[in-house]
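# Observations on chain architecture
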Amino acid sequence: MNDSTPPRPSRRSVLRTTGAAGAGLGLGALGTGSAEAAPASGETLATPPRRGATMAGVPFEGRSTVRVALVGLGNRGGSMIDLYLALPGVRVVAVCDPVKAKAERAAAKVVAAGQPSPAVYASGPEDYLKLYERTDVDFVHVATPWDLHFEQAKQAMLHGKHVGVECPVAMRLDHLWELVDLSEQTRRHCMQLENCCYGRNEMRVLRMAHAGKFGELLHGAGAYNHDLRELMFSPTYYEGPWRRLWHTRLRGDLYPNHGFGPVANYMDVNRGDRAVSISSLGTPALGLAEYRAANVPKGDPSWKESYIESDRTISLVKTAKGRVIRLEHDVSTPHPYSRINSLGGTKGVFEDYPARIYLEPDHKGHQWGDFGAYAAEFDHWLWKEHANPPGGHGGMDYIMVYRLTQCMRLGLVPDFDVYDAATWTAPVPLSHASIKANGAPQPIPDFTRGEWRRARSGVDSARPA
């Protein structure tokens, strides 16, 4: 650890501040408190004073080896460990999951990859706190149920660790502010691990947008439209019903990050523009109940659940420059997978699923053009260096952790930070509040506290020398 590492709190103080939020994998009382308290349409959202220096543009401390710990080793964490083991200059030093078999399976992968056996923490749902007390961990990857993300990210920073969290980083607006404040106070980075920002198409569109190929940017769209009904009712896919139970709590966009992150990057949100408000509408909640009636035996515990989450949520985000971003969320009805991933400007438009493009003066006759024709000039250097990356989701997972650990090894500024994490996640509580208010706009906080006006680099990064 270097001199900027904050002092670690005692085990007793950590347990005292953790309280019930960290107690178990069950669903705690994280409900909708912040959503209920969101300002009504037309109100000004006060920005609390900064409690520490900005983290915008703050580099990692360089190091020869990045020492990683993984907390949560289910479907996501159990697959991400394979990618960390494939990275140069990275060691997996600790793994944690309350299901001992999962933790031991992950540890066996580390040994099989030729690394020393990692420390295993599997003695209950709070054992991650013992892991955080280690002094040989540089970065913690949190891949647990959503209920636990906030507390586990918070405690990682309090223990002097940089932390990356799977989507979404937290479920409440006050928790997002607390993560921002803690990142600034502890000088530890807290990042939303948004893998879709590293998709090949997304990175190509990003570079084209920054090169002016779309002209002045006007609108974009992103989504998480993914039929998850079978998985949410599966007795084995998730560790318990935690994801399905969120459909009994909130009505808004539960998973905005995959759609919002890439479009925010295209428009330099938090780097010259910012998201200022969100207006959301939602359909009735019918899909999960219909699926349950057709596929789940009457004695199943899910029959006690009442679903309120809109089958499809549609939100419009307005930016300070007057641009519009459309977000969609639908995991409860039958349809092919789509993140939409669209960008339009004064010179043309790109639309994904399938990828197609129309730009002046390259195209004419109102016929879509070949997006692949732009690969040679505009593919990001990461995709040129890693044309066939390993791992899931088309390789974007590998590109994400490769770039993250590269920044840590070389002492570079990360491609995104806690302000992006908070902004991309804010639609979770705010879309719920807007739907409850019949679509009334909800102000999106300026988590950067004015830093958004300053242009700075992001995912469209320069290749290190």
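In this text, all values refer to a predicted model and were calculated from it rather than measured experimentally. Every chain's residues receive numbers from 1 upward, in the order its sequence appears when written. With pLDDT at 70 or above as the cut-off, local features in this predicted model cover only qualifying residues; side-chain atom pairs require 80 or more to be listed or tallied, and sums for whole chains, interfaces and linings still use all residues. Neither water nor hydrogens contribute to the side-chain values; these are computed over all heavy atoms in the structure.

What follows covers the overall build of the protein chain. Working definition: helices are DSSP H or I runs of at least four residues, strands are E runs of at least two. Numbering for both runs from the N terminus. From N to C terminus, the protein chain includes 17 helices and 14 strands. All radius of gyration figures rest on C-alpha atoms, and the globule criterion is 2.2 Å times the number of residues raised to 0.38. For the protein chain, whose C-alpha radius of gyration is 21 Å, the value lies close to the compact-globule estimate of 23 Å for 465 residues. Taken over the C-alpha atoms alone, the protein chain extends approximately 65 × 60 × 45 Å along its principal axes. Buried residues are those whose accessible area, probed at 1.4 Å on protein chains only, stays under 20% of the maximum for their type, while exposed residues exceed 50% and partly exposed ones sit between those limits. Burial status across the protein chain gives 59% buried among its 465 residues. Residue contacts follow a heavy-atom distance rule, with two residues in contact if any of their heavy atoms lie within 4.5 Å. Long-range contacts, defined here as pairs at least 24 residues apart, represent 78% of the contacts in the protein chain between residues at least 6 apart. With the model as given, the accessible surface of the protein chain reaches about 17900 Å², and the carbon-plus-sulfur share is 52%. Counting rule for charge: Lys and Arg are taken as positive, Asp and Glu as negative, and neither His nor the chain ends is counted. Where a charge sits is defined by one atom per residue type, namely NZ (Lys), CZ (Arg), CG (Asp) or CD (Glu). Here the protein chain carries 53 positive and 50 negative side-chain charges, and the mean point of each set is 3 Å from the other. Where accessible areas are quoted, they stem from the Shrake-Rupley method and a 1.4 Å probe; at the residue level, only the protein chains shown are allowed to cover.

We now examine the sheet that holds strand β11 (residues 342-345). The strand order across the open sheet built from eight strands is β13-β12-β11-β7-β10-β9-β8-β14, with neighbouring strands paired in mixed fashion. The open sheet is flanked by β13 (356-359) and β14 (442-443), the only strands paired with a single partner. Across the face of the sheet, helix α17 (residues 427-436) comes into contact with β8 (275-282), β9 (313-319), β10 (324-330) and β14 while running at roughly 55° to β8. Note: two strands are recorded as paired if DSSP finds a minimum of 2 bridges between them. Between N-to-C directions, angles span 0 to 180 degrees; the directions come from axes that are lines fitted to C-alpha atoms, helices contributing only their stretch in contact.

The subject of this paragraph is the side chain of arginine 403. Locating arginine 403 in the fold gives a position in helix α15 (residues 396-410). Among the polar contacts listed, one links the side chain of arginine 403 to the side chain of aspartate 415, at a separation of 3.1 Å. Those residues in contact with arginine 403 that lie beyond four places of it in its chain are Tyr198, Trp381, Leu382, Leu412, Asp415, Ser461, Ala462 and Pro464. We define a polar contact as two N or O atoms separated by no more than 3.5 Å, with the added condition that, inside protein, one atom must be a possible hydrogen donor and the other a possible acceptor, whereas residues neighbouring each other in sequence contribute only through side-chain atom pairs.

As a further point, take the environment of tyrosine 337. Within the secondary structure layout, tyrosine 337 lies in the loop between β10 and β11. Sequence-distant contacts of tyrosine 337, defined by excluding residues within four places in its chain, comprise Tyr224, Asn225, His226 and Tyr353.

On to the pairing of β11. The two faces of a sheet get side chains in turn, since along a regular strand they alternate between them. Of the two faces of β11, the one carrying Ser342 and Gly344 and the one carrying Leu343 and Gly345 are both buried. Inspection of the sheet shows strand β7 (residues 217-225) paired to β11 by four bridges, in the antiparallel sense. Paired with alanine 221 across the two strands is serine 342, which belongs to β11. Strand direction decides the pairing type here: β11 and strand β12 (residues 348-351), joined by three bridges, are antiparallel. Looking across to β12, one finds that glycine 345 is bridged to glycine 348. Connecting β11 to the next strand, β12, in antiparallel fashion are two residues.

Another aspect to go through is the side chain of glutamine 406. Inspection of the secondary structure puts glutamine 406 in helix α15. Not counting residues within four places of it along the chain, the set of residues in contact with glutamine 406 comprises Trp381 and Pro464.

Time to look at the UniProt feature "domain: Gfo/Idh/MocA-like oxidoreductase N-terminal" (unreviewed entry) in the protein chain. UniProt positions are given in the numbering used here, feature names are shortened, and annotations may be inferred rather than shown by experiment. If you check UniProt for "domain: Gfo/Idh/MocA-like oxidoreductase N-terminal" (unreviewed entry), the listed places come out as residues 66-190 in our numbering. With 45% helix and 20% strand, residues 66-190 has its two end C-alpha atoms placed 16 Å apart.

The next thing to look at is the UniProt feature "domain: Glycosyl hydrolase 109 C-terminal" (unreviewed entry) in the protein chain. Within this numbering scheme, the UniProt entry marks residues 203-369 as carrying the feature "domain: Glycosyl hydrolase 109 C-terminal" (unreviewed entry). Counted over residues 203-369, helix gives 21% and strand 26%. Its end C-alpha atoms are 18 Å apart.

In this section: the packing of aromatic side chains. Given two aromatic rings, one states the distance between the centres and the angle between the planes to describe the pair. Working definition: rings of Phe, Tyr and Trp (its six-membered ring) pair if their centres are within 6.5 Å, and the pair is stacked with planes under 30 degrees apart, edge-to-face with planes over 60 apart, and tilted otherwise. Scanning all chains against the criterion turns up 17 aromatic pairs. Aromatic side chains phenylalanine 416 and tryptophan 424 sit 5.3 Å apart centroid to centroid with 70° between the ring planes, which places their arrangement in the edge-to-face category. Note on accessibility: phenylalanine 416 and tryptophan 424 belong to one class, buried. Between the NZ or CZ atom of arginine 292 and the centre of the ring of tryptophan 303, over which it lies, the distance is 4.7 Å. Cation over ring: lysine 298 sits above tryptophan 303, and NZ or CZ is 5.1 Å from the ring centre. Both a distance and an angle decide whether a charge sits over a ring: NZ of Lys or CZ of Arg must be within 6 Å of the ring centre and within 35 degrees of the ring normal.

What follows covers the packing of helix α7 (residues 173-186) against helix α16 (residues 418-425). Packing of α7 against α16 brings their axes to within 9 Å, and their N-to-C directions diverge by 175°. Taken together, the axes of α7 and α16 are roughly antiparallel relative to one another. For the pair α7 and α16, the contacting residues are Leu176, Leu179, Val180, Ser183 and Glu184 in the first and Val418, Tyr419, Ala422 and Thr425 in the second. Of the residues contributing to the contact of α7 with α16, the split by class is six nonpolar, two polar and one charged. Should an angle fall under 35 degrees it is called roughly parallel, over 145 degrees roughly antiparallel, and 65 to 115 degrees roughly perpendicular, with every other angle called oblique. Think of it as three bins: nonpolar holds Ala, Val, Leu, Ile, Met, Phe, Trp, Tyr, Cys and Pro, charged holds Asp, Glu, Lys and Arg, and polar takes everything else, Gly as well.

Further remarks concern the state of the cysteines. Covalently bonding the sulfur atom of one cysteine to the sulfur atom of another cysteine gives a disulfide. Note on terminology: disulfide denotes any pair of cysteine sulfur atoms within 2.5 Å. Enumeration according to the criterion identifies zero disulfides in this entry. The thiol of cysteine 190 is unpaired, and the distance to the nearest cysteine sulfur, on cysteine 167, comes to 12 Å. Take cysteine 190: its relative accessible area is 1%, and that puts it in the buried class.

So, about α15. To estimate how far a helix should reach, multiply one less than its number of residues by 1.5 Å. For α15, with 15 residues, the first-to-last C-alpha span of 21 Å sits near the 21 Å given by 1.5 Å per residue. Judged by how many residues are buried, α15 sits mostly within the fold: 13 of 15 residues are covered.

This next bit is on the sheet that holds strand β1 (residues 66-71). With respect to topology, six strands assemble into an open sheet ordered β3-β2-β1-β4-β5-β6, the strand pairing being parallel. Looking at which strands have only one partner, the edges of the open sheet turn out to be β3 (119-121) and β6 (190-192). For this sheet, the mean angle separating the axes of adjacent strands, direction not counted, is 25°. In the sheet, strand β2 (residues 90-96) pairs with β3 via three bridges, with the strands oriented parallel. Across the sheet, the residue bridging to valine 95 is valine 120, located in β3. Strand contacts of helix α6 (residues 146-158): β1, β4 (139-142), β5 (162-165) and β6, with the helix running at about 165° to β5, the strand carrying the most contacts. Of the strands in this sheet, β1, β2, β4, β5 and β6 are in contact with α15, which crosses β1 at around 140°.

Here we take up the pattern of salt bridges. Here a salt bridge means any side-chain nitrogen of Lys or Arg lying within 4 Å of a carboxyl oxygen belonging to Asp or Glu. Going through the model one piece at a time under the given rule, you end up with 35 salt bridges. Residue aspartate 136 is joined to arginine 134 by a salt bridge in which the shortest nitrogen-to-oxygen separation is 2.9 Å. A relative accessible area of 23% means that aspartate 136 is categorised as partly exposed. Using a relative accessible area of 23% as the deciding quantity, one classes arginine 134 as partly exposed. The structure contains a network of salt bridges with shared partners spanning Arg50, Arg51, Asp181, Glu184 and Arg449.

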